[in-house]
Amino acid sequence: MIKNYIKTGWRNITKNKGIFSINIAGLAIGIASCLLIMLYVSDELSYDRFHEKADRIVRVVFRANVNGEEMKEAVVMAPVAQVLKNDLPEVTQSTRLAKSYNNRIEYNGAYYGQSSLAYVDPNFFEVFTLPIIQGAKTEPLDKPNTVVISKSFAENTFGNTDPIGKMLKVTNRDENLLVTGVMEDMPKNSHFHFDLLVSTLGYAQAKKTSWMESDFFTFLVLKKGADIDVVESKLPAISEKYMGPQLKEALGMTFTEFTKENEIGLFLQPLTDIHLHSDFSDSTTLEQGGDIKYVYIFSAVAIFMLVIACINFMNLATASASKRAKEVGIRKVLGSNKKQLIYQFLAESFISTFLAAFLAIILVSMSLPIFNQLAGKDLNFQYLLSPEVILAIFSLILIIGFIAGGYPAFYLSSFNPLSALKSKFSGSGKNSGIRSGLVIFQFVISAGLILSTLVVKEQMNFIQNKELGYEKDQLLVVRNSYLLGNNEDNFIDEIKNNPLVENVTHSAFVPAGESDNEVGGIFKNNEFQRRMSFYNVDENYIPTMGMEVLEGRNFSEDFGAESDKVILNQKAVEILGFKKNPIEKSFQRDTHDGLKTMTIIGVIKNFNFKSLHQEIEPLILKYNPYGGIIIRSKVADMSGLIENLNGRWNAYNVKEGFDYSVLDDSYNHTYLKERKMGTILSLFAILTIIVACLGLFGLVTFTAEQRFKEIGIRKVLGSSASQIVALLSKDFLKLVGISFLIAFPLSYYLMNKWLQDFAYRTEIHWWLYLLAAGITIGIAFLTISIKSYKAASVNPIKSLKTE
Amino acid sequence: MLKLNHIYKWVKSGGRRIFLLNDLSLNVEQGEFLSIMGPSGSGKSTLLNVIAMLDDFDEGEYYFEDEAIHNLKSKKRTDIFNQNIGFIFQAYHLLDDLTVYENIETPLLYKKVKSSERKALVADILDRFNIVGKKDLFPHQLSGGQQQLVGIARALIIKPKLILADEPTGNLNSKQSDEIMQLFKELNQEGVTIIQASHSESNAAYGSRIINLLDGSVQKS
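Calculation notes
Residues numbered from 1 in each chain as written. Chains lettered and ligands numbered in written order. Predicted model: local features only at pLDDT ≥ 70, side-chain atom pairs only at ≥ 80, totals over all residues. Heavy atoms only, no water. Phe/Tyr/Trp six-rings, centres within 6.5 Å; stacked < 30°, edge-to-face > 60°. Helix = DSSP H or I, 4+ residues; strand = E, 2+ residues; numbered from the N terminus. Buried < 20%, exposed > 50% of the residue type's maximum accessible area, 1.4 Å probe, protein only. Lys NZ or Arg CZ within 6 Å of the ring centre and 35° of its normal. Pairing = 2+ DSSP bridges. Contact = heavy atoms within 4.5 Å. Axes fitted to C-alpha atoms, helices over the stretch in contact; angles between N-to-C directions. Salt bridge = Lys/Arg side-chain N within 4 Å of Asp/Glu carboxyl O. Domains from an automatic or database assignment. Polar contact = N/O pair within 3.5 Å; in protein donor to acceptor, adjacent residues only side chain to side chain. Core = buried A, V, L, I, M, F, W, Y, C linked by side-chain atoms within 4.5 Å. Parallel < 35°, antiparallel > 145°, perpendicular 65-115°, else oblique. Left-handed = near helix turned anticlockwise from the far one by under 90°. Nonpolar A, V, L, I, M, F, W, Y, C, P; charged D, E, K, R; others polar.

**Examining the packing of aromatic side chains**
- In the structure shown here, the tally under the stated rule is 39 aromatic pairs over all chains.
- When the ring of A:Phe491 is compared with that of A:Tyr652, the centres are 6.2 Å apart and the planes differ by 85°; the resulting orientation is edge-to-face. A residue pair is termed long-range when its members are at least 10 positions apart, and A:Phe491 in helix H15 (residues 488–497) and A:Tyr652 in the loop between helix H18 (639–651) and strand E25 (661–662) qualify at 161 residues. A single burial state applies to A:Phe491 and to A:Tyr652, both of which are buried.
- Among the aromatic residues, those joined into a cluster by ring pairs are A:Tyr470, A:Phe509, A:Tyr535, A:Tyr541, A:Phe607, A:Phe609 and A:Tyr626.
- Taking the ring centre of A:Tyr40 as reference, the NZ or CZ of A:Lys377 above it sits at 5.5 Å.
- One cation-aromatic arrangement involves B:Arg17 over B:Trp10; the distance from NZ or CZ to the ring centre is 3.8 Å.

Printed below as a string of structure tokens:
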């Protein structure tokens, strides 16, 4: 019997090749999209789960709101790890990690610049599952100045020789490190990646007892079954006990007094939440993470794609019901019961679904490299071939087959045999109502996705063209100019005289991309105000960056020593309450040698020195040239300049090559996540409308067939082809129109929420709706008119003769 | 074999009942070959459909081999129909996508007959109807007469006690219809009860009994 179901199913499919291809193509695109997104989502959700203790590891984080400054930091103070382990019975282990920047690693005279290095506590390998493949398996870092290196770093540096026992040199800190172990490279889906893990035993910062400075990523392993909320609820008391005395000393306030008006505290974050649920400031983030919102968005898109493809299937099947009605009648008279007919129709649906799934897998394997590029992922097709996934795909096929084929199956099999045989039945009435509803649903999704994509694009444009308060184009950043040592000043002088260069400044503070960071406490009349960010710059910083001095003056060599002078941005002026005549006013800043008075010499216009997700914060520019070089080019094409600088750099015989970044690129990189999301979204928006239009095409085909005779009669009566096209298109376009009424408010609501993530954002302009509607209607109309024009141009004699 | 007592069937049109079957009573004995005659719209097809239990009636009693059909649920009726009755249509109603062989086999599939038995039964009937050579053809490759032969073969395959034929030769020329009628006669002689609706006197004459319908009632027996 099953053989028979399959046989008849196959015959039916091959007889209706057109409809069948539409079904298969739509379903295949739907399933392929769904699989791709499944790969993406499961990768996003898999972060840090490979650690054996993943479900028990938590990260201690710091959140505070002090005098209007909001702090969200993923790092905490050095002593926290030990204290929590000692004071909380639920904590079985605690370990720390401190990222180190600008590392120059030397081995045998060769440099391995910009290697990723972190200091970790000796028990790091007990907490995290990072297999050691060579050297000491246990406690490889139990002595000062020992290092565990990654497999790929070992291969790069040592080639085939055994790295264990070799010495590496960190030249910029004059540290010598003994290699005691080689670990597997950290998996892609880890929230941190380091090539070198150095023991904290020789690391001065690690011994600090201050509760006022945060440097360490701190991880706890909780007892099995311990409730994270319960543990977290004990943290305020710990903060008070340990932070309190130091706070009192620094600010002259007790912890209770301080927390009356301010919020400050430690919190716990599960390890597995770090990748998708982090909102910590960029400077305390190890790597740009994902976003749970995008996981939701894409999952929804995946489901929608499938549903839309299934709807095509259902619609085409019920629309063709009139064709199948006679068959149902005959079969019923021949003794088939309802169940057997349902099986038969389901069999057809399953054949299509299987074929579509097969095609989908081919599609996925072909498109995966492109998708990886768009999504910035390294998803592996092999994953799709693992037994669980195959089982999942298999059940997905069954579910899709059932959903897509189920409704038509039950619907068709319920025909009364007599009326079916008399072909009383036509594909209209209640059923076409459901069909219209489904078409509307498809276009709600399509139009909604198109509008959402346009909003994302608009926001990306907004980001690109936003007045930032500085000119981000034609800026070249050389962060590691300190490598030149004594020749740095000569190099800068050379750049100054380069005809391609407009201006150059000596600073390591860059408003986009990797930058130095300085935050310090600000006092007014010796009373603590709040912490503010500092930029250490020279007199060329403001002109080079293209910033605007609103009041007062820039730093200048003419005035001699400028180290106690500062330039504030408008926000800082406002917060310090210097609105009127800020120039020559002074305040104090916290330094290692106590409070130091600073005098305001100028005010610059606010500029976005953090991402547009955040409001502009108060900023203080102080005269302290050090660090890297920022160069403003005279011409947009900087390749000549780069070539030139590279040559000069090499002339100084630096062992490491010339390294630079283009500020505009770094700026764009800040919004990589959003940009990727936009790209993926637009890809699926396009696919969605393609699939929806495939369905529409099928439906128009049926309508044209059903109204074949009517079209003939109308043509004989003198109707023109375009009138016929209008006749056939009208009803469908009406449905598309109705779908806008649902799609746009929905999309507005969701995209508005998305935009809330940006402190600086575009509006959803009225013309975006028009554009989305235009695109959708345009594509739909094109689809419909192709088919209906064909129907309209048939010679009427043909259609009337069939009677 | 079957007994219809005072059957009424009507449709409502503008508040008025239009009777399709009007106080119709009929007895059919085992082994009869009954021809129902009457003009278009006299209720021939409706009567056949009612007998086949494909259609309901509004009033009256219907006994099929002592089963009170009017009291049965539709599922049970369908069962009785499937077990006992073969239906032959004027328009043949073969399944276009299936070959001759498969068309004939289909009722057996629905009765869940085993594969080997199915093969034997279909082979027998193909042989008997002399259409072995056509078994792999599709309906549209056959002439009308041949299609109706397949239709009859398909109706007979379940070995029904009763064959209902609604104008079985209506779409055929006279030579073809004679052949079909001859076949019916042979089947009847083998013991199959046949009820056919027909327009044509000559075809009706093959029957052992003729009734005439007019406006849903039996005119004379």
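What follows continues from the structure just given.
**A closer look at the pairing of strand E22 (residues 594–604) of chain A**
Residues and elements named next belong to chain A.
- As paired elements, strand E19 (residues 549–552) and E22 share three bridges and run antiparallel to each other. Counted as the bridge partner of Gly-552 is Gly-602 from E22.
- Relative to E22, strand E20 (residues 565–569) is paired through five bridges, and the arrangement is parallel. Bridge pairing links Asn-569 to Ile-604 in E22.
- With six bridges connecting them, strand E21 (residues 586–591) and E22 associate as antiparallel partners. Each bridged residue has a counterpart across the sheet, and for Asp-590 the counterpart in E22 is Leu-595.

**Details of the sheet that holds strand E3 (residues 33–37) of chain B**
Residue and element names in this part refer to chain B.
- Strand order across the open sheet formed by six strands is E6-E7-E8-E3-E9-E10, with mixed pairing between neighbours. Whereas interior strands pair on both sides, the edge strands pair on one side only; in this sheet they are strand E6 (85–88) and strand E10 (217–218).
- Bridge count for strand E9 (residues 209–214) against E10 is two bridges, and the pairing is antiparallel. The residue of E10 that forms the bridge with Leu-213 is Val-218.
- Relative to strand E7 (residues 162–166), helix H1 (residues 44–51) is tilted by about 155°, and along the sheet it contacts E3, E6, E7, strand E8 (193–198) and E9.
- Against the sheet, helix H2 (residues 74–84) engages E6 and E7, with an angle of about 80° to E6.

**Some words on the sheet that holds strand E24 (residues 629–633) of chain A**
All names here are of chain A.
- Read from one edge to the other, the open sheet built from four strands follows the order E16-E24-E15-E25, with strand pairing classed as antiparallel. What marks the edges here is a single partner per strand, and that holds for strand E16 (501–506) and E25.
- Where strand E15 (residues 475–478) meets E24, four bridges bridge the pair, whose relative direction is antiparallel. Note on E24: the bridge partner recorded for Val-477 is Ile-630.
- Along the sheet, H15 contacts E16 and E24; its crossing angle with E16, the most-contacted strand, is approximately 155°.
- On the sheet, H18 packs against E15, E16 and E24 and is oriented at approximately 25° with respect to E15.

**Structural notes on the interface of chain A and chain B**
- At the junction of the two partners, chain A supplies 22 residues and chain B supplies 22 residues.
- Remark: the boundary between chain A and chain B carries two salt bridges.
- Between A:Lys7 and B:Glu102 there is a salt bridge, with its nearest N and O atoms 3.0 Å apart.
- Looking at the side of chain A that touches chain B, the elements with two or more residues in it are helix H1 (2–15), helix H10 (321–333), helix H11 (338–375) and helix H13 (417–421) of chain A.

**Some words on unusual backbone geometry**
- Even without being a glycine, A:Asn526 presents a positive backbone phi close to 60°.
- As for its position among the elements, A:Asn526 is in the loop between strand E17 (518–524) and strand E18 (527–537).
- A residue is classified by how much of its surface remains accessible, and A:Asn526, at 55% relative accessible area, is exposed.
- Look at B:Tyr92: it is not a glycine, yet its phi comes out positive at around 60°.
- Residue classification places B:Tyr92 among the buried positions, given a relative accessible area of 10%.

**Here's the deal with the environment of A:Leu746**
All names here are of chain A.
- Tracing the backbone through its elements, the reader meets Leu-746 in helix H22 (residues 721–755).
- According to the relative accessible area criterion, Leu-746 is partly exposed, its value standing at 48%.
- Taking the C-alpha atoms as reference, Leu-746 lies 45 Å from Pro-796; in sequence the two are 50 residues apart.

**Considering the domain arrangement of chain A**
Residues and elements named next belong to chain A.
- Annotation of chain A at the domain level lists domain 1 (1–43 + 292–462 + 671–801), domain 2 (57–235 + 265–273) and domain 3 (475–668).
- Here domain 2 and domain 3 have C-alpha centroids that lie 31 Å from each other.
- Run the count over domain 2 and domain 3 and you get two salt bridges.
- Here Glu-73 ties to Arg-531 by a salt bridge, and the two come within 3.6 Å at their closest N and O atoms.
- Our enumeration of links across domain 2 and domain 3 arrives at three residue pairs in polar contact (both at pLDDT 80 or more).
- Of all the secondary structure elements, the ones that give two or more residues to the side of domain 2 that touches domain 3 are strand E2 (69–73) and strand E6 (110–113).

**Let's talk about the nonpolar core**
- Residues A:Ile31, A:Phe298, A:Tyr470, A:Tyr535, A:Tyr541, A:Leu621 and A:Trp754 are the most contacted members of the largest nonpolar core, which totals 120 residues.
- Considering each element in turn, this core owes the most residues, 16 residues, to helix H2 (residues 17–45) of chain A.
- Counting 40 residues, the second largest nonpolar core, distinct from the first, contains B:Leu47, B:Ile51, B:Phe64 and B:Leu98.

**Here we look at the packing of helix H9 (residues 292–319) of chain A against helix H12 (residues 387–413) of chain A**
Residue and element names in this part refer to chain A.
- Running from amino to carboxyl end, H9 crosses H12 at an angle of 30°, the nearest separation of the two axes being 9 Å. As summarised for this structure, H9 and H12 are arranged roughly parallel, according to the angle between their axes. Our pair here, H9 against H12, has a crossing hand that is right-handed. Touching Leu-306, Cys-310, Phe-313, Met-314, Ala-317 and Thr-318 of H9 are Leu-396, Ile-400, Ile-403, Ala-404, Gly-405, Tyr-407, Pro-408 and Tyr-411, all from H12.
- For the contact of H9 with H12, the class distribution of residues is twelve nonpolar, two polar and no charged.

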